[in-house]
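Given next are the chains, with one letter for each unit.
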Amino acid sequence: MPICIECRFPVEALYTAYSKADDRSLGKGVRLTQCPRCKRFADKYVEHDFVVLFIDLVLIKPQVYRHLLFNRLGRDDDKFDRSILRLGILLLLFDVYLTWARIEKLSLPPSSPHLSSPSTTTPSSATSPHHPSPQTTNAALLQAQPLILQYLFFLLLVLSSTLSFHLPIRLLCSLNPLHIPSPLRSLYRRLVPYYPHPTPLSTALLVSSCTKLFPILLIIWDYDLPSSATAVSWAVIVNNIAALEILMDCGYLRAGVLVGLGAGLRSAVADFVLRGVGLGTGWAEGVGDQVPLGGRRVADVVGLVRGVLGKG
Ligand SMILES: [Zn+2]
């Protein structure tokens, strides 16, 4: 049953079509339902097009999430809507491209046998750790493999990290607190919401990951890819938390705990796979480098935002 996107009150229908002769896409012949509780339109997004939905999604408006999760993509049979499957594939393929471009530029681990000897590296690369030459980055190891193998590797890497993000969240939410031993039960209830419908959970996580499509702008503006990827991944995490909170109405703390656990496991799996094949993970810099590196990342993100605002 659809709900009012303003106050979550269930409504019979979102609109009434009173004339079939008019074009519904132009908003003619359709009367939006007024919510009996809050007296506002139950779902104004019925009339809005995809661009408005996408902008409001990026702005994390709860109403647009309720419209998508409950009124448009929600199904009674607990199966994925076809458009969500398509979105999932699109996000996966896009993530492969982004991950590939990001990992390629990271430094190889210091112990890697693929590191070129110092005599073959140029002096500028030896003195600039923040802009390593291709001989000292993961690209040196990756480009020794056929292109198809590189693609399959990144496809598997992204697939396994996506699964390791979705599965623990689905599992934790489906665990009935009554089956937890009583000393831990109240803590578990406080930290993890009970929501035994895994499909809407994955739908919410996929819809809120749409921000991942933003780096498409990188095709227009040439930015430093690793820092843009960092900014985008933080934006996606904020969207993920908001989407879970709106879906389950569970408070930001519990949504944050779930997304934090999922994201932690995701980066652990990606780290494990990358180390397993001998690629650098970006965490290999010395402890002394950590602070300036962090500061540089922040400066990069600020520069990126300034650039977008200035050029936009
Ligand atoms: Zn209402």
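Starting afresh in each chain, residues are numbered from 1 along the sequence in its written order. In keeping with the predicted nature of the model, local features appear solely for residues at pLDDT of at least 70, side-chain atom pairs appear and are counted solely at 80 or more, and the whole-chain, interface and lining totals rest on all residues. To obtain the side-chain values, all non-hydrogen atoms of the structure were included, while hydrogens and water were left out.

(A) Seen up close, the overall build of the chain. In DSSP terms, a helix is any run of H or I states spanning at least four residues, a strand is any run of E spanning at least two, and both are numbered starting from the N terminus. Of the regular secondary structure elements, the chain holds 11 helices and two strands. Helices and strands appear in the chain in the N-to-C order β-β-α-α-α-α-α-α-α-α-α-α-α. Relative accessible area decides the class of each residue, using a 1.4 Å probe on protein chains only: under 20% of the type maximum gives buried, over 50% gives exposed, and in between gives partly exposed. For the chain, with 312 residues in total, the buried portion stands at 39%. Should any heavy atoms of two residues lie within 4.5 Å, those residues are considered in contact. The contacts in the chain between residues at least 6 apart in sequence include a share of 66% that link residues at least 24 apart. For the area figures, the Shrake-Rupley method with a 1.4 Å probe applies, and any residue is considered shielded solely by the protein chains shown. Of the accessible surface of the chain, which amounts to about 17800 Å², a share of 65% is contributed by carbon and sulfur atoms.

(B) The coordination of the zinc ion, seen in detail. The zinc ion binds to the protein through Cys 4 (SG), Cys 7 (SG), Cys 35 (SG) and Cys 38 (SG); the donor distances cover 2.2 to 2.3 Å. Coordination here is defined by N, O and S atoms within 2.8 Å of the metal (3.2 Å for Na, K and Ca), and since water is not considered, a site can look incomplete. Every geometry call rests on angle ranges, with four donors termed tetrahedral when all angles are between 85 and 135 degrees, four termed square planar and six termed octahedral when opposite donors are over 155 degrees apart and all others are between 65 and 115, and everything else termed irregular. Bound by four donor atoms, the zinc ion shows angles of 105 to 119° at the metal and therefore tetrahedral coordination geometry. The sequence motif formed by the donor residues of the zinc ion is C-x2-C-x27-C-x2-C. Linking Cys 4 in the segment before β1 (15-17) with Cys 38 in the loop between β2 (30-32) and α1 (50-58), this pair joins segments that are 34 residues apart in sequence. Residue class for Cys 4 comes out buried when judged on its relative accessible area of 0%.

(C) Unusual backbone geometry, seen in detail. A positive phi is found at Asp 78, a non-glycine position, where the angle reads about 60°. Mapped onto the elements, Asp 78 comes out in the loop between α2 (62-72) and α3 (82-104). Positive phi outside glycine occurs at Asp 249, with the angle close to 55°.

(D) Quick look at the side chain of Asn 240. For Asn 240, the position within the fold is in helix α9 (residues 225-248). Taking relative accessible area as the criterion, Asn 240 reaches 0% and is therefore assigned buried. In this view, Asn 240 contacts Phe 165, Leu 205, Ser 208, Ser 209 and Val 259; residues no more than four positions away in its chain are not counted.

(E) Highlighting the UniProt feature "transmembrane region" (unreviewed entry) in the chain. UniProt positions are given in the numbering used here, feature names are shortened, and annotations may be inferred rather than shown by experiment. Mapped onto the present numbering, the UniProt feature "transmembrane region" (unreviewed entry) falls on residues 84-103 and 148-169. Taken end to end, residues 84-103 comprises 100% helix and 0% strand; its first and last C-alpha atoms sit 27 Å apart. The span residues 148-169 is 100% helical and 0% strand by assignment, and the distance between its end C-alpha atoms comes to 32 Å.

(F) Representation of the environment of Asp 249 within the structure. Summarising the element assignment, Asp 249 is placed in the loop between α9 and α10 (252-276). Note: C-alpha distance between Asp 249 and Pro 193 (56 residues apart in sequence) is 9.1 Å. Those residues in contact with Asp 249 that sit more than four places away from it in its chain are Arg 8 and Leu 244.

(G) Structural detail: the packing of aromatic side chains. Here a Phe, Tyr or Trp ring, Trp counted by its six-membered ring, pairs with any other such ring whose centre lies within 6.5 Å, and the pair is stacked when the planes are under 30 degrees apart, edge-to-face when over 60, and tilted otherwise. Tallying each qualifying case throughout the model produces five aromatic pairs. Ring geometry for Phe 94 against Tyr 97: centres 6.2 Å apart, planes inclined by 55°, an arrangement best described as tilted. With Phe 94 and Tyr 97 both in helix α3, this residue pair falls three residues apart, about one helical turn. A relative accessible area of 15% means that Phe 94 is categorised as buried.

(H) Quick look at a nonpolar patch on the surface. Together, Phe 50, Val 51, Ile 55 and Leu 59 make up an exposed nonpolar region whose accessible area comes to about 430 Å². Relative to the helices and strands, Leu 59 resides in the loop between α1 and α2. Nonpolar side chains (Val, Leu, Ile, Met, Phe, Trp, Tyr) are joined into patches within 5 Å and like charges within 9 Å, using only residues with over 30% relative accessible area and no salt bridge. The salt bridge criterion pairs a side-chain nitrogen of Lys or Arg with a carboxyl oxygen of Asp or Glu, the two atoms within 4 Å.

(I) Fine view of the nonpolar core. By nonpolar core we mean a set of buried residues, namely Ala, Val, Leu, Ile, Met, Phe, Trp, Tyr and Cys, connected to one another through side-chain atoms within 4.5 Å. Ranked by internal contacts, the top residues of the largest apolar core, which has 40 residues, are Tyr 65, Leu 244 and Met 248. Counting residues per element, the ones that place at least two in this core are α1, α2, α3, α6 (147-174), α8 (198-207), α9 and α10. Among the elements that line this core, the one with the most residues is α9, at seven residues. Either an automatic procedure or a domain database provided the assignment from which the domain bounds are taken. Structurally, this core is a two-domain feature, drawing no fewer than three residues from each of domain 1 (1-77) and domain 2 (79-116 + 129-285). When neighbours within four sequence positions are excluded, Tyr 65 is seen to be in contact with Leu 57, Ile 60, Phe 70, Val 207, Ser 208, Asn 239, Ala 243 and Ile 246. With 15 residues, the next largest nonpolar core counts Val 96, Trp 100, Leu 157 and Leu 279 among its residues.

(J) Region of interest: the pattern of salt bridges. One pass over the full model with this rule turns up five salt bridges. Close ionic contact of Asp 56 with Lys 61 constitutes a salt bridge, the shortest N to O distance being 3.7 Å. Exposure remark for Asp 56: the relative accessible area of 10% places this residue in the buried category. The salt bridge involving Lys 212 is made with Asp 95; its shortest N-O contact spans 3.2 Å. Of this pair, Lys 212 sits in the loop between α8 and α9 while Asp 95 is found in helix α3, placing the two residues 117 residues apart along the sequence. Note on accessibility: Lys 212 and Asp 95 belong to one class, buried.

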